[in-house]
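Listed below, chain by chain, are the residues.
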Amino acid sequence: MPLIRTSTLRKCGVVAASLALAGAGLLTGAGTAAAGPAGATDIRGVDPGDTDRMIERLCSQDTSLTGVYGALNVDTGEFKTQDEYLRDVFGLWKPAGPWELFRGWCGYAEASTWSIKGDTVRTSRWIGNKGSADDKETFVSSYSTKTFAKKSVGGSISLSLAKSIFSGTVGGSAGYEWGWEKESRFETRSEKTIPPCRQVAVTWTPYQRVVRVNPVFHVEDYQWDKGNGERTVHSWRDRGYQTVYSHGYYIDGISDKLLPSGQPDGREDKIEEKLDAKSCVK
């Protein structure tokens, strides 16, 4: 699976190499743990607390030159960012009691992709026929492709983050049908029959592609102190796997599909509605 990281990660060859190994399923000491997107191990339901929200908050932080930082209370499941930990728990970045500290890098690994039908929209004005016989009119129908993203956890996703995820390797892997930020418009003219005492319009149902990514966290350092001195390891909770995710936290990029010609892919339909009989010729 392809993996996209923030710009600072491009400076870190060691991280890139580690994630390449994870993508190949070569997680040192991972044992029989199932490898998810980019070879990451799912910690949802394994570690205490809401791991979906933990990964969301961890990876929503600005990435420093040394990565992102987090703290997990392994008794209560509470998560704190580095700033919160220094303010609320301990004035130094050192593990204390049930609080375990970690540092690493976040990335976005493609989990799956599939096709859906988008919402049907009216693409022409209504034209009515108040007469007693069929009428024919030329309908002008126009449409512009749509692109958006949504998160399963937390607030809305920023446009800049969505662009960094879906305009790069992940989007490209979905082929020509993936229309992320490849805006396309059309305008058609067609003659349609309008029955007596009816109004007619044209609709468009876009065919869309969904690309789902799971944010993943690659561990550089993991620390704890159970009263007999600090210990630092380089895998999640010293379990042997370096890249983790929580499968309930995902980001979906949705975009209208494009045909090889670059035109939007979808279906045009004619819809009818009755007019008030009192307004029609009898």
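Residues numbered from 1 in each chain as written. Predicted model: local features only at pLDDT ≥ 70, side-chain atom pairs only at ≥ 80, totals over all residues. Heavy atoms only, no water.

It is worth spelling out the confidence of the model for the protein chain at this point. Averaged over every residue, the pLDDT of the protein chain is 85; residues scoring 70 or more account for 84%. Low pLDDT, under 50, characterises residues 1-32; the stretch is placed with 61 contacts to residues that sit more than four places away or in other chains. (pLDDT = per-residue confidence, 0-100. Contact = heavy atoms within 4.5 Å.)

Further remarks concern a nonpolar patch on the surface. On the surface, Val89, Phe90 and Leu92 cluster together to form a nonpolar patch covering roughly 230 Å² of accessible area. Checked against the element boundaries, Val89 lands in the loop between α3 (82-88) and β5 (99-117). (Patch = residues over 30% accessible without salt bridge, like charges linked within 9 Å, V, L, I, M, F, W, Y side chains within 5 Å. Areas by Shrake-Rupley, 256 points an atom, 1.4 Å probe, with all protein chains shown as cover. Salt bridge = Lys/Arg side-chain N within 4 Å of Asp/Glu carboxyl O. Helix = DSSP H or I, 4+ residues; strand = E, 2+ residues; numbered from the N terminus.)

Ranked by size, the top nonpolar core spans 30 residues in total, and within it Met54, Leu58, Phe102, Phe217, Tyr222, Trp236 and Ile251 carry the most contacts. In terms of residue count, the dominant contributor to this core is strand β11 (residues 198-225) (6 residues). (Core = buried A, V, L, I, M, F, W, Y, C linked by side-chain atoms within 4.5 Å. Buried < 20%, exposed > 50% of the residue type's maximum accessible area, 1.4 Å probe, protein only.)

Moving on: the packing of aromatic side chains. Counting across every chain of the model gives 13 aromatic pairs. Each ring, one from Tyr143 and one from Phe186, has its centre 5.9 Å from the other, and the planes form 35°; the classification is tilted. With Tyr143 in strand β8 (residues 135-144) and Phe186 in strand β10 (residues 185-194), this pair connects stretches of sequence that are 43 residues apart. Here a set of aromatic residues connected by ring pairs shows up, and it is made of Phe79, Phe102, Phe217, Tyr222, Trp224 and Trp236. When the ring centre of Tyr250 is taken as reference, the NZ or CZ atom of Arg212 above it lies at 3.5 Å. (Phe/Tyr/Trp six-rings, centres within 6.5 Å; stacked < 30°, edge-to-face > 60°. Lys NZ or Arg CZ within 6 Å of the ring centre and 35° of its normal.)

Scanning all chains against the criterion turns up 19 salt bridges. In this structure, Arg87 engages Asp88 in a salt bridge whose closest nitrogen and oxygen atoms are separated by 2.7 Å. A relative accessible area of 40% means that Asp88 is categorised as partly exposed. Residues Lys270 and Glu272 are paired through a salt bridge, measuring 3.8 Å at the closest nitrogen-oxygen approach. Lys270 sits in the partly exposed class, given a relative accessible area of 36%.

Per the stated rule, a full pass over the model turns up 2 disulfides. Here Cys59 pairs with Cys106 through a disulfide, and the sulfurs are 2.1 Å apart. Its S-S torsion of approximately -80° makes the covalent link between Cys59 and Cys106 left-handed. On the criterion of sequence distance, the pair formed by Cys59 in helix α2 (residues 51-59) and Cys106 in strand β5 is long-range, its members being 47 residues apart. Taken as a pair, Cys59 and Cys106 share a single burial class, namely buried. With its sulfur 2.2 Å from that of its partner, Cys197 forms a disulfide with Cys280. Handedness here is read from the sign of the S-S torsion; for Cys197 and Cys280, about 85°, the answer is right-handed. Residue Cys197 is found in the loop between β10 and β11, and its partner Cys280 is found in the segment after β15 (266-274); the two are separated by 83 residues along the sequence. Of the two residues examined, Cys197 and Cys280, each falls in the buried class. Cysteines bonded in the protein chain are numbered consecutively along the chain; their disulfide partners then correspond to 1-2, 3-4. (Disulfide = S-S within 2.5 Å.)

Below, the discussion takes up the side chain of Thr205. Summarising the element assignment, Thr205 is placed in strand β11. A polar contact of 2.7 Å, which involves the side chain of Thr205, links it to the side chain of Thr120. In this view, Thr205 contacts Lys117, Gly118, Thr120, Gly266, Arg267 and Asp269; residues no more than four positions away in its chain are not counted. (Polar contact = N/O pair within 3.5 Å; in protein donor to acceptor, adjacent residues only side chain to side chain.)

Within this model, the second largest pocket holds a volume of roughly 170 Å³. Surrounding the second largest pocket, 14 residues form its lining, Ile116, Gly118, Phe148, Gln208 and Ile254 being those nearest its centre. When contributions to the lining of the second largest pocket are tallied by element, the ones reaching two or more residues are β5, β9 (147-151), β11 and β14 (251-256). Counting residues per element, the lining of the second largest pocket draws most heavily on β11, which supplies 3 residues. Considered class by class, the residues forming the lining of the second largest pocket number 8 nonpolar, 2 polar and 4 charged. (1 Å grid on protein atoms, 1.4 Å probe; cavity = no way out; pocket = protein on both sides within 12 Å on 5 of 7 lines; lining within 4 Å. Points joined across faces, edges and corners; volume = space filled by probe spheres on them. Nonpolar A, V, L, I, M, F, W, Y, C, P; charged D, E, K, R; others polar.)

The phi torsion at Cys197 lies on the positive side, around 55°, for a residue other than glycine. Classification of Cys197 as buried rests on a relative accessible area of 16%. Positive phi, close to 60°, is recorded for Asp238, a residue that is not glycine. With respect to the helices, strands and loops of the structure, Asp238 is situated in the loop between β12 (230-233) and β13 (243-245).

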